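# Structure assessment
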Amino acid sequence: MEHVFVVTGASRGIGAATASLAAQAGYRVVRASRSAEESVGDRGWDARCDVSSWDSVQDLMSRVESRWGRIDVVYANAGISVDTSFVSSSGAEPSEWTDMVVTNVCGPAFTARAAMPALLRSGGHLVLTGSAAGRGVRPGNLYSATKWAITGLAQAIRAEAVGTGVRVTVVQPGLVDTDAIPASRVDDPKLEPEDVGRAVLYAVSQPSTVDVNEILIRPTGQAAHR
Ligand code: NDP
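Residues numbered from 1 in each chain as written. Predicted model: local features only at pLDDT ≥ 70, side-chain atom pairs only at ≥ 80, totals over all residues.

### Things to note about the nonpolar core
Counting 54 residues, the largest nonpolar core has Val6, Ala115 and Leu126 as the members making the most contacts within it. Sequence-distant contacts of Val6, that is, excluding residues within four places in its chain, are made with Val30, Ala32, Val64, Ile71, Val73, Val74 and Tyr75. Residues Ala132, Ala133, Leu142 and Tyr143 belong to the second largest nonpolar core, which totals five residues. (Core = buried A, V, L, I, M, F, W, Y, C linked by C-beta atoms within 7 Å. Buried ≥ 20, exposed ≤ 12 C-beta atoms within 10 Å, placed from the backbone. Contact = placed C-beta atoms within 7 Å.)

Structure (structure tokens):
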């Protein structure tokens with residue numbers, strides 16, 4: 001049976017690029033996002049899913065496994081960034097701070113939890129999008145804290161998954177040229193979304209004896225924490 005690759009946050013940016021590369025590599029690919037128009041073919045599936053909702057994520061995994069019979073790779077990539085300064089009075093409303101924490105932290109946790117039964121059956125691979133900002137610190141930005149949380153989440157899942165055959169990888173990109181980057185950083189050196197996608201495909205293509213825990217990728221000339 002052909003292997004199945006699920007990507008959240010696949011309507012654009014890093015998720016869309018990774019979904020295309022996974023399709024080229026021969027996977028059947030599920031492209032999940034809130035704005036997706038439901039459409040399923042033999043090899044590709046656009047699926048509506050809001051990762052901040054446990055019910056939505058659980059429904060996605062259950063639909064995929066019942067239709068395509070298995071899930072081999074889950075790339076928990078969906079995420080948002082809002083302006084959260086601690087000292088300036090401008091920026092996002094507190095409710096938007098909450099939305100970001102729920103999307104960036106609970107979203108991948110829900111995705112991992114909902115996918116785990118299928119991944120345990122397939123001996124599959126969970127990949128999470130962290131950030132270079134989750135290794136260092138960007139001033140005044142709660143986003144960094146949500147990405148630090150991804151590193152911790154991956155370690156917690158990995159510790160529990162030891163011996164099960166399930167592998168867990170975090171990709172930690174520096175600045176990537178997508179709609180998500182703030183206007184203040186448009187002139188900074190950037191990666192292309194495909195650069196991140198290639199790192200994801202590299203991790204999941206390794207033999208089962210090799211565990212790729214973290215991949216930090218950043219454009220040449222960028223400080224490691226940006
Ligand atoms: P984009 O804004 O280009 O894409 C974000 C994707 O996530 C979209 O497909 C969006 O689709 C989806 N999404 C957002 N919220 C939800 C939700 N609640 N449920 C399901 N899907 C959702 O961002 P990027 O491609 O740049 O970012 C992807 C990931 O990479 C994020 O986790 C981000 O934090 C991380 N990252 C980005 C970097 C950058 O410089 N761009 C650097 C390091 C990490 P829709 O709106 O239709 O739901």
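Following the structure, the description resumes.
### Observations concerning the confidence of the model for the chain
Scored by pLDDT, the chain comes out at a mean of 94, with 96% of its residues at no less than 70. Both confidence scores are given for the complex: pTM 0.97, ipTM 0.99. (pLDDT = per-residue confidence, 0-100.)

### As for the sheet that holds strand S2 (residues 28-33)
Taken together, the eight strands give an open sheet; going across it, the order is S3-S4-S2-S1-S5-S6-S7-S8, and neighbouring strands pair in mixed fashion. Both outer strands of the open sheet, strand S3 (39-40) and strand S8 (214-217), are each paired with one neighbouring strand and no more. One ladder, built from four bridges, connects strand S5 (residues 73-76) with strand S6 (residues 125-129); its direction is parallel. Within S6, the position partnered with Tyr75 by the bridge is Val127. Across the face of the sheet, helix H4 (residues 142-161) comes into contact with S6 and strand S7 (167-173) while running at roughly 165 degrees to S7. (Pairing = 2+ DSSP bridges. Helix = DSSP H or I, 4+ residues; strand = E, 2+ residues; numbered from the N terminus. Axes fitted to C-alpha atoms, helices over the stretch in contact; angles between N-to-C directions.)

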